[in-house]
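What follows is the residue order along each chain.
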Amino acid sequence: MNTQYPRFTLSGTLTSEQHDFFEEHGFIHFKHFIDPGTVQAIIDAAEQVQRKWIAGNVTKVNGVPIKYGRDLNGNTIVQRFAFINQHAPLLAELLRDQRFEALLDLIGPGARIGAHEKDGMVFNHYVNGPLSKFTKMGWHTDGLRDLFYGTRLNPMLNVGLHLSTQQAENGGLRIIPGTQRQNLFNFLFRKLYFLDHTEDPAEVAILPEAGDLTVHDGRLWHRVAQSQRSGEESRRRVIYIPIIAGKYAPKNESSPTQFYQRFAGLVR
């Protein structure tokens, strides 16, 4: 497993080196995007939303199923929040950070932050315990959902804001660099979507510190590896924010659940 790759710093604009690295590899890693105090404030805000959703028995947000599980003590937790930016003012404000504007240039004209599209800002909470329902995710590309929407494959970036520090044994994001340039056949059939968890000889392990930011192309093959540790040491939290282009397609409380979202139960 390869863990060696350069890290960068995100400021007001992207450098030519950063552009070139992303274009070649399909991902990029920025150090220290937010400070430890902000990391904790985000976790606290998510826990407040969690309490409200559990009390209100919320099962879907804008048609997207909410994934519940059990924490290490057996208590119910939300393990995948959709559109959390619409339920936590702190997270809505986070999307106004001007540094995100620099990332739009990786797609070009028409790019925007999908605060009200796709699944909005997604907060994932992984923990490797006997009652958890969210410990890993098989190989997939984010762009596949466009085909389920009946549209062409539009440019998309998935921006990850990492709230946990990880080592390779903690599992986490694994990507296959360069696969954003693959042909349609490999986009559809290189891996068995979501069911294949096998380590790939070409994969790179993304190893962030809490507060780091990563970006990967929506056409890139990637997975979430299960932690080799269990209990509290396995806990990791990460936010994903879509940057998209194409026709504006906001969701609301009347939006239907998409067919591909029925596969969510396969992720454990």
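All values derive from a computational prediction rather than experimental measurement.

Visitor: Any chance you could explain the pattern of salt bridges here in plain terms?
Guide: Two side chains carrying opposite charge are able to pair once their charged atoms lie near each other. Summed over the entire model, instances satisfying the criterion amount to 15 salt bridges. The partner of K31 in a salt bridge is E209, and the shortest N-O contact between them spans 2.5 Å. In this pair, K31 sits in the loop between strand 1 (27-30) and helix 2 (36-56) while E209 sits in the loop between strand 11 (204-205) and strand 12 (213-217), placing the two residues 178 residues apart along the sequence. With a closest N to O distance of 2.9 Å, E203 and R223 form a salt bridge. Within this pair, whereas E203 is found in the loop between helix 6 (184-189) and strand 11, its partner R223 is found in strand 13 (residues 222-225), the two being separated by 20 residues in sequence. This pair shows no difference in class: E203 is buried, exactly as R223 is. When salt bridges that share partners are traced, they join K31, E209 and D212 into one network.

Visitor: When you look at empty space enclosed by the protein in this model, what are you seeing that I'm missing?
Guide: As enumerated under the stated definition, the model contains two cavities of 30 Å³ or more in all. The volume enclosed by the largest cavity comes to roughly 60 Å³. Looking at the largest cavity, the residues that line it are Y126, H162, Q166, G172, L173, V224, R236, V238 and Y240. The set of elements that each furnish at least two residues to the lining of the largest cavity consists of strand 10 (172-175) and strand 14 (236-244). Tallying contributions element by element places strand 14 first for the lining of the largest cavity, with three residues. Grouping the amino acids of the lining of the largest cavity by side-chain chemistry returns five nonpolar, three polar and one charged. The space that makes up the second largest cavity amounts to roughly 30 Å³.

Visitor: What's the story with helix 2 in this structure? I'm lost.
Guide: An α-helical segment advances 3.6 residues per turn. Residues three or four places apart therefore align on the same side. Between its first and last C-alpha atoms helix 2 spans 31 Å; for 21 residues at 1.5 Å apiece the expected length is 30 Å, and the two agree. Among the residues of helix 2, those classed as buried are V39, I42, I43, A45, A46, V49, Q50 and W53. One face of helix 2 carries all of its buried residues, which in axial projection span an arc of 160°. Across helix 2 from its buried face, at more than 90 degrees, point the exposed residues P36, R51, K52 and A55. Sitting at the amino-terminal end of helix 2 is D35, which places a side-chain oxygen 3.1 Å from the backbone nitrogen of G37. Once helix 2 ends, the next one or two residues include N57, with phi positive near 55°.

Visitor: Before we go on, may I ask you to explain the packing of aromatic side chains in this structure?
Guide: Working definition: an aromatic ring pair is given by the centre-to-centre distance plus the angle between the planes. Applying the stated criterion to the full structure yields ten aromatic pairs. The interplanar angle of 40° and the centroid separation of 5.5 Å between the aromatic rings of W53 and F81 together place this pair among those described as tilted. Here W53 is found in helix 2, whereas its partner F81 is found in strand 5 (residues 76-81), with 28 residues between them in sequence. Given a relative accessible area of 4%, W53 falls into the buried group. Ring-pair connections join several aromatic residues into one group, and the members of that group are Y5, F8, F21 and F27. Sitting above the plane of the F33 ring, R99 keeps its charged end 3.8 Å from the centroid.

What counts and how
Residues numbered from 1 in each chain as written. Predicted model: local features only at pLDDT ≥ 70, side-chain atom pairs only at ≥ 80, totals over all residues. Heavy atoms only, no water. Salt bridge = Lys/Arg side-chain N within 4 Å of Asp/Glu carboxyl O. Helix = DSSP H or I, 4+ residues; strand = E, 2+ residues; numbered from the N terminus. Buried < 20%, exposed > 50% of the residue type's maximum accessible area, 1.4 Å probe, protein only. 1 Å grid on protein atoms, 1.4 Å probe; cavity = no way out; pocket = protein on both sides within 12 Å on 5 of 7 lines; lining within 4 Å. Points joined across faces, edges and corners; volume = space filled by probe spheres on them. Nonpolar A, V, L, I, M, F, W, Y, C, P; charged D, E, K, R; others polar. Expected span 1.5 Å × (residues − 1). Arc of directions from axis to C-beta. Polar contact = N/O pair within 3.5 Å; in protein donor to acceptor, adjacent residues only side chain to side chain. Phe/Tyr/Trp six-rings, centres within 6.5 Å; stacked < 30°, edge-to-face > 60°. Lys NZ or Arg CZ within 6 Å of the ring centre and 35° of its normal.

Without other data, these values stay purely geometric and don't point to any function.
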